[in-house]
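As a plain string of letters, each chain reads:
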Amino acid sequence: MSGAIWRQHFTFNKYSQIAARAVRQSLVEAERLKAEKRGDTGLKYQKWENGQGGNHIPFNQPKEDA
Amino acid sequence: MATLREIELRLKSVRNIEKITKSMKMIAATKLTKAQRAVNSAKAYGAANAEVFKNSEAALPEEGGKKLYVVISSDKGLCGGIHSSVSKATRAAVKEDKEKDANADVTIMVVGDKSKAQLSRVLPQNLALTFNGVGKDVPTFGDACAIADLILTSGVEFDSVHLVYNKVVSALAFESAIQSVFGEEALKNSPNFKTYEMEDDATKDLAEFALANAVYAVLVEGHAAEINSRRNAMDNASKNAGDMINSLTMKYNRGRQAAITNELVDIITGASGKCQYFLFLSI
């Protein structure tokens, strides 16, 4: 447990997102379509420095199958 | 007194506006049922968080401590006072922090373009990160997870997170509230956590997941409050538009009748002038 390599690269939230995506993709077709909706996010973010906003960056769920 | 043509044009446009606001109200009313169901199921997540924090008896550091305010609103307008209410609550909270400690370290992150616009005018130096694209439909846990992830990897240091959002108070009202989430340090130092042997990694995971949980509960409730408020706002707008249509129609009819009366008077005076002329001729 304490030697988990993933901790060096991302947060627990990202880890659970990846695990959830794997579970969703392994569901039967009808259930999968329903479950995919729960994982969708159209989030975009912008970093601010000194009162100036940066570019809008989309937070894409990395998809293996394009 | 505007001309008849102007009143007619105004009447046409107000009628269109009434149609639009009425349909927006209908849409909001149907979306509300789905949003309410989502709130009921999301409340369980927020409650689970609250249980852990309550039982751990974690405490926020009284003085100092870096605070992070995450303001939850959305990108769309025409929803009443939702966005300004949440911005006001944030400004009041930050002001209170500055009064307690002039060097208070306060960072602000905003979800939603509308509040971002308001807060970037008032507190631009405290802004660290803003999000948009949330709130078009019921927020998903994917959204909350992504937001929590970005907050934690943004490099902003904080001891506690305060989520500013809108709560549904009734079918006609909402109010802004602040939900506090403890950071990893606060949990580690809480008396009841210390009675167990906890691996640091597990506490860190718990803190991160608790943040995602809290963000989810708060996003969903804020979404429901916004739809509720939009429905009420559009309802009021339709009523006002209806009243305007009534008064404009009155004005239009009076104007029309006045125009007809004037024409009649012209004809009659013209006719009576002609009569007088004939009388004159016959004499």
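In the annotation of an unreviewed UniProt entry, chain B is listed under the name ATP synthase subunit gamma and assigned to Tulasnella calospora MUT 4182. Here chain B is described in UniProt, under the heading Sequence similarities (unreviewed entry), as follows: "Belongs to the ATPase gamma chain family." Checking UniProt for chain B, the heading Subcellular location (unreviewed entry) contains the comment "Mitochondrion inner membrane".

Going by an unreviewed UniProt entry, chain A carries the name Mitochondrial ATP synthase epsilon chain domain-containing protein and comes from Tulasnella calospora MUT 4182. Under the UniProt heading Sequence similarities (unreviewed entry), the note attached to chain A is "Belongs to the eukaryotic ATPase epsilon family."

Colleague: Before we go on, may I ask you to explain the pairing of strand β1 (residues 67–72) of chain B in this structure?
Modeller: Residue and element names in this part refer to chain B. Most of β1 is tucked away, with five of its six residues classed as buried. As defined by bridge partners, β1 adjoins strand β2 (residues 106–111) across six bridges and the pair is classed as parallel. Within β2, the residue paired with Ile-72 across the bridge is Val-111. Between β1 and its parallel partner β2, the chain crosses via helix α2 (residues 82–100), and the hand of that crossover is right-handed. Where β1 and strand β4 (residues 160–168) come together, five bridges link them in parallel fashion. Within the sheet, the bridge partner assigned to Tyr-69 lies in β4 and is His-162.

Colleague: Any chance you could explain α2(B) here in plain terms?
Modeller: In an α-helix, one turn spans 3.6 residues, which is why side chains three or four residues apart end up on the same side. Taking 1.5 Å per residue as the helical rise, α2(B) with its 19 residues ought to reach 27 Å, and the 28 Å between its terminal C-alpha atoms agrees with that figure. Within α2(B) the residues assigned to the buried category are Ile82(B), His83(B), Ser85(B), Val86(B), Ser87(B), Thr90(B), Ala93(B), Val94(B) and Asp97(B).

Colleague: Whenever I open this one, unusual backbone geometry confuses me. Can you help?
Modeller: For residues other than glycine, phi is negative in most cases, and the peptide bonds are mostly trans. The phi angle at Leu78(B) is positive, at roughly 60°, despite the residue not being glycine. Within the secondary structure layout, Leu78(B) lies in the loop between β1 and α2.

Colleague: Honestly, the packing of α2(B) against helix α3 (residues 113–122) of chain B in this entry has me stumped. Any pointers?
Modeller: When two helices pack together, their arrangement is given by the angle between the helix axes and by the axis-to-axis distance. Residue and element names in this part refer to chain B. Here α2 crosses α3 at 35°, and the two axes come no closer than 9 Å. Here α2 runs over α3; the crossing is right-handed. Only Lys-114, Ser-115, Gln-118, Leu-119 and Val-122 of α3 make contact with α2, whose side of the interface consists of His-83, Ser-84, Val-86, Ser-87 and Arg-91. Considered class by class, the residues forming the contact of α2 with α3 number three nonpolar, five polar and two charged.

Colleague: Explanation requested: the nonpolar core in the structure shown.
Modeller: Here is a general trend for soluble globular proteins: nonpolar side chains tend to be buried in one another's company. Residue and element names in this part refer to chain B. With 50 residues, the main nonpolar core has Val-70, Phe-131, Ile-147 and Ile-151 as its most contacted residues. At twelve residues, the largest contribution of residues to this core is made by helix α7 (residues 200–282). When sequence neighbours within four positions are dropped, the list of residues in contact with Val-70 reads Met-109, Val-111, Ile-151, Val-161, His-162, Leu-163 and Val-164. The next biggest cluster of nonpolar side chains, apart from the first, holds 14 residues, and it includes Val-110, Leu-123, Leu-127 and Val-164.

Colleague: Just to check I follow, could you spell out helix α1 (residues 4–56) of chain B for this structure?
Modeller: Residue and element names in this part refer to chain B. A rise of 1.5 Å per residue sets the reference length of α1, with its 53 residues, at 78 Å; its end C-alpha atoms lie 73 Å apart and thus fit the reference within 8%. Residue Ser-41 marks the point of greatest curvature in α1, where the axis turns by about 25°. Backbone geometry just downstream of α1 places Glu-57 in the positive-phi region, at approximately 55°.

Colleague: Help me understand the interface of chain B and chain A, please; the structure alone is not making it clear to me.
Modeller: When the parts of a complex come together, some accessible area is lost, and that lost area is often used as the size of the interface. Of the residues lining the interface, 31 residues belong to chain B; the matching set on chain A comes to 26 residues. Across the interface of chain B and chain A, roughly 2,300 Å² is buried in total on both sides, 53% from carbon and sulfur atoms. Counting the surface chain B buries against chain A, the share from its top three residues, Asn132(B), Asp149(B) and Asp205(B), is 19%. For the pair chain B and chain A, the interface holds two salt bridges. Where Arg7(A) meets Asp205(B), a salt bridge forms, and the shortest distance between an N and an O atom there is 2.8 Å. Where chain B packs against chain A, one counts 13 residue pairs in polar contact (both at pLDDT 80 or more). Taken together, the elements giving at least two residues each to the side of chain B that touches chain A come down to α3, β3 (127–132), α4 (141–153) and α7 of chain B. Looking at the side of chain B that touches chain A element by element, the count peaks at eleven residues for α4(B). When its residues are assigned to classes, the side of chain B that touches chain A shows 15 nonpolar, nine polar and seven charged. In the sheet, strand β1 (residues 44–49) of chain A pairs with β3(B) via four bridges, with the strands oriented antiparallel. Within β3(B), the residue paired with Gln46(A) across the bridge is Thr130(B).

Cut-offs used in this document
- Residues numbered from 1 in each chain as written.
- Chains lettered and ligands numbered in written order.
- Predicted model: local features only at pLDDT ≥ 70, side-chain atom pairs only at ≥ 80, totals over all residues.
- Heavy atoms only, no water.
- UniProt positions renumbered as here; feature names shortened; annotations may be inferred.
- Buried < 20%, exposed > 50% of the residue type's maximum accessible area, 1.4 Å probe, protein only.
- Helix = DSSP H or I, 4+ residues; strand = E, 2+ residues; numbered from the N terminus.
- Pairing = 2+ DSSP bridges.
- Right-handed = clockwise from strand over helix to strand, strands pointing away.
- Expected span 1.5 Å × (residues − 1).
- Axes fitted to C-alpha atoms, helices over the stretch in contact; angles between N-to-C directions.
- Left-handed = near helix turned anticlockwise from the far one by under 90°.
- Contact = heavy atoms within 4.5 Å.
- Nonpolar A, V, L, I, M, F, W, Y, C, P; charged D, E, K, R; others polar.
- Core = buried A, V, L, I, M, F, W, Y, C linked by side-chain atoms within 4.5 Å.
- Bend = angle between axes of the 7 residues up to and from the residue.
- Buried area = accessible area lost by both parts, 1.4 Å probe.
- Salt bridge = Lys/Arg side-chain N within 4 Å of Asp/Glu carboxyl O.
- Polar contact = N/O pair within 3.5 Å; in protein donor to acceptor, adjacent residues only side chain to side chain.

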